[in-house]
Amino acid sequence: GETMQAPPFCSSRSLHPSSIQWSSCLLHSPFIITNASTAPFRIAVALRSGISPPRLLGCVRADVAVEKMEASAGDYPVPSVHKGWLYDQYGAARDVLRLGDVPVPQVSPDQVLIKLHAAALNPVDFKRRFGKFKATDSPLPTVPGYDAAGVVVKAGALVTSFKVGDEVYGNINEQALNNPKQWGSLAQYTAVEEKLVALKPANLSFAEAASLPLAIETALQGLVKTGFSQGQSLLVLAGAGGVGSLVIQLAKQVFGASLVAATASTPKLDLLKSLGADVAIDYTKQKYEDLLERYDVVFDAVGLSVRIFFVSVPSLKGNAIEETNLLVP
């Protein structure tokens, strides 16, 4: 699976917060995620000043001193060993995931070393931990985690866009399923190619920034794959979810959609409106298959495309895309 680089508009657009639960977890406190997880997390983010992240989930103290301090970059000490969540075999989190010592990744000429302040979990993390794509996975042991936010503490010789002390965020894997990094973001340090990270917007906390990359890549990739363009209409299934909430905002603010409708449960209808949806549909009371309005694109963030393709759906007049069929899992 390919992924897409964090879009440049992320630092200037004003996206709205979602009510989705957060699985971001501050690592420098040091708090580290303990559930890596048996449920697929999708995380939405606020790109507005003054918005505090919700209560962090599934976190415990990890008061462990990092030893073997040996090198430094500027004013930032860089250890040779650090703490991370890792697994040596595939399986359920409760059976294989543990906190342990791992080597700080070596930095290639085109990479930066990031001292992590926050990380986020996505469905690909639990699928990977269960060995769903072990034929193309990196060697075990594995530190999971794709999304990351932190401070650059070392820059490779070919890096030109970042310097030590820069606050950055991004999805550390260019290809989600093909040899993803062995040393992921659920640790104190990670190394990532310069092209895969961006400067963290000043109005984002580290936790908010870490929750954004893979989810917004999925949202953007889906719209691009369908050829969605200005003036078209869109129906988003699960519009209050992490990916769905970003699809709504991208469609309205970036692509110039003429009409965006989205489904959610009754308590989240106001959220859909606040995100920019023109029509908020309560799926507990109305089936989207019965809608009279016809849409150019249906973005399925639930996994119901089989109903779209194999049932006569008056609401679809153009293309449909299912989140699980995207190359970003």
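Note that residues are indexed from 1 along each chain, following the sequence as it is written. Whole-chain, interface and lining totals are the exception, using all residues; otherwise, since this is a predicted model, local features are given only for residues with pLDDT of at least 70 and side-chain atom pairs are given and counted only at 80 or more. The side-chain values count all of the structure's non-hydrogen atoms but skip hydrogen atoms and water molecules.

S.K.: What is the right way to read the nonpolar core from this model?
M.R.: Soluble, globular proteins show a tendency: their nonpolar side chains are buried together. Working definition of a nonpolar core: buried Ala, Val, Leu, Ile, Met, Phe, Trp, Tyr and Cys residues. They are joined through side-chain atoms within 4.5 Å. Note on classification: 1.4 Å probe, protein chains only; a residue is buried when its accessible area is under 20% of the maximum for its type, exposed when over 50%, partly exposed between these limits. Residues Leu223, Phe228, Leu234, Val247, Ile248 and Leu272 are the most contacted members of the largest nonpolar core, which totals 38 residues. In this text, helices come from DSSP runs of H or I with a minimum length of four residues, and strands from runs of E with a minimum of two, each type numbered from the N-terminal end. Elements represented by at least two residues in this core include exactly strand E9 (147-155), helix H3 (206-210), helix H4 (213-225), strand E13 (233-237), helix H5 (242-253), strand E14 (259-264), helix H6 (269-275) and strand E16 (295-300). Considering every element that reaches this core, the biggest residue donor is H5, with six residues.

S.K.: Just to check I follow, could you spell out the packing of H4 against H5 for this structure?
M.R.: Helix packing for two helices is described by the angle between their axes and how far apart those axes are. Interaxial angle, 0 to 180 degrees, is taken between N-to-C directions of lines fitted to C-alpha atoms, where a helix line uses only the stretch in contact. Two elements in contact, H4 and H5, have axes separated by 9 Å at closest approach and are oriented at 55°. In terms of orientation, H4 lies oblique with respect to H5. Judged by the twist between their axes, the crossing of H4 over H5 is right-handed. Within the contact between the two elements, H4 uses Ala215, Ile216, Thr218, Ala219, Leu220 and Leu223 and H5 uses Val243, Leu246, Val247, Leu250 and Ala251. To sort the angles, those under 35 degrees are grouped as roughly parallel, those over 145 as roughly antiparallel, those from 65 to 115 as roughly perpendicular, and the leftovers as oblique. In this scheme the handedness of a crossing depends on how the near helix is turned from the far one: anticlockwise by less than a right angle means left-handed, clockwise means right-handed. The contact definition used throughout considers only heavy atoms, calling two residues in contact when any of these lie within 4.5 Å.

S.K.: When you look at H5 in this model, what are you seeing that I'm missing?
M.R.: Note on helix geometry: an α-helix contains 3.6 residues per turn, so any two residues three or four positions apart are oriented the same way. Expected helix span is taken as 1.5 Å per residue step, with the number of steps being one fewer than the number of residues. Between its terminal C-alpha atoms H5 stretches 17 Å, which fits the 16 Å expected from 12 residues at 1.5 Å a residue. In terms of burial, H5 is largely enclosed, as 10 of its 12 residues are buried. For H5, the complete set of buried residues consists of Gly242, Val243, Gly244, Ser245, Leu246, Val247, Ile248, Gln249, Leu250 and Ala251. Elements that come into contact with the buried residues of H5 comprise H4, E13, E14, H6 and E16.

S.K.: Is there a simple way to explain the confidence of the model for the protein chain in this structure?
M.R.: One rule of thumb: low pLDDT means the predicted coordinates there are not for detailed reading. What pLDDT expresses is the predictor's confidence in each residue, scored from 0 to 100. For the protein chain, per-residue confidence averages 77 on the pLDDT scale, and 69% of positions sit at 70 or higher. Scored below 50 in pLDDT, residues 1-73 shows 219 contacts in the model against residues more than four places distant or in partner chains. Within the model, the stretch residues 308-315 combines pLDDT values under 50 with 21 contacts to residues more than four positions away or in other chains.

S.K.: In this structure, what is going on with unusual backbone geometry? I would like to understand it.
M.R.: Glycine aside, the phi torsion of most residues is negative, and most peptide linkages are trans. With omega at 0°, the peptide bond leading from leucine 140 into proline 141 counts as cis. You can see proline 141 is positioned in the loop between helix H2 (123-129) and E9. You will see that asparagine 179, though not glycine, has its phi angle at about 55°, which is positive. In this structure, asparagine 179 sits in the loop between strand E10 (167-171) and strand E11 (189-193). The phi dihedral of alanine 238 falls on the positive side, at around 70°, and the residue is not glycine. Considering the arrangement of structural elements, one finds alanine 238 in the loop between E13 and H5.

S.K.: Got a minute to help me understand the packing of aromatic side chains in this structure?
M.R.: Geometrically, a pair of aromatic rings is defined through the distance of the ring centres and the angle of the planes. Classification of ring pairs rests on two measures: the distance between centres of Phe, Tyr or Trp rings, Trp counted by its six-membered ring, which must be within 6.5 Å, and the angle between planes, read as stacked under 30 degrees, edge-to-face over 60 and tilted in between. Under the counting rule described, the total for this entry stands at three aromatic pairs. Sitting over the ring of phenylalanine 130, arginine 129 keeps its end group 5.0 Å from the ring centre. For a ring to carry a charge above it, either NZ of a lysine or CZ of an arginine must fall within 6 Å of the ring centroid while also lying within 35 degrees of the normal to the ring plane. Stacked on the ring of phenylalanine 206, the Lys or Arg lysine 200 has its end atom at 4.9 Å from the ring centre.

S.K.: So what exactly am I meant to see when it comes to the pairing of strand E6 (residues 81-86) here?
M.R.: Within a regular strand, the side chains alternate between the two sheet faces. In terms of burial, E6 is largely enclosed, as five of its six residues are buried. Any two strands with at least two DSSP-identified bridges between them are counted as paired. With six bridges connecting them, E6 and strand E7 (residues 98-103) associate as antiparallel partners. Its bridge partner being in E7, glycine 84 is matched across the sheet by glycine 100.

S.K.: Quick question: what am I supposed to make of the pairing of strand E15 (residues 279-282) here?
M.R.: Of the strand pairs in this sheet, E14 and E15 are connected by four bridges, and their pairing is parallel. Residue pairing for E15: threonine 263 is matched across the bridge by isoleucine 281. Classification remark: right-handed applies to a crossover when, strands pointing away from the viewer, the course from the first strand over the helix to the second runs clockwise. Regarding topology, H6 serves as the crossover connection from E14 to the parallel E15, and that connection is right-handed.

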